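# Descriptive structure summary
Below, each chain spelled out in residue letters.
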Amino acid sequence: MSGAGGVAGILVGVVISEVISSVAHWPTLLSPAAILGGFWFSASVGIFFGYYPARKAAHLDPIEALRYE
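Residues numbered from 1 in each chain as written. Predicted model: local features only at pLDDT ≥ 70, side-chain atom pairs only at ≥ 80, totals over all residues. Heavy atoms only, no water.

On to the overall build of the chain. Looking only at helices and strands, one finds 3 helices and 0 strands in the chain. Counting from the amino terminus, helix and strand elements in the chain follow one another as α-α-α. Here the C-alpha atoms of the chain give a radius of gyration of 20 Å, more than 25% beyond the 11 Å that 2.2 N^0.38 yields for 69 residues. C-alpha extents for the chain along the principal axes are approximately 65 × 25 × 15 Å. When each of the 69 residues of the chain is scored for burial, the buried share is 6%. Carbon and sulfur atoms provide 75% of the accessible area of the chain, an area that totals close to 5,800 Å². (Helix = DSSP H or I, 4+ residues; strand = E, 2+ residues; numbered from the N terminus. Rg over C-alpha atoms; globule rule 2.2 N^0.38 Å. Buried < 20%, exposed > 50% of the residue type's maximum accessible area, 1.4 Å probe, protein only. Areas by Shrake-Rupley, 256 points an atom, 1.4 Å probe, with all protein chains shown as cover.)

Shape descriptors only; they carry no functional weight alone.
Right, dumping it as structure tokens:
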């Protein structure tokens, strides 16, 4: 899911950059390093915030975990 969000963010960013470039007649430079960095950051945040709670929940005793719900 975070990968799809990263790809969507890249596509929206490229489209907005191209629209501003054509409307304002400003030259734009799309850096592959910035695009890959943004995707990597998005994917790593998604992986961390998916993995950490799942790992924490996996170490709980099921009886104790269900007691508080």
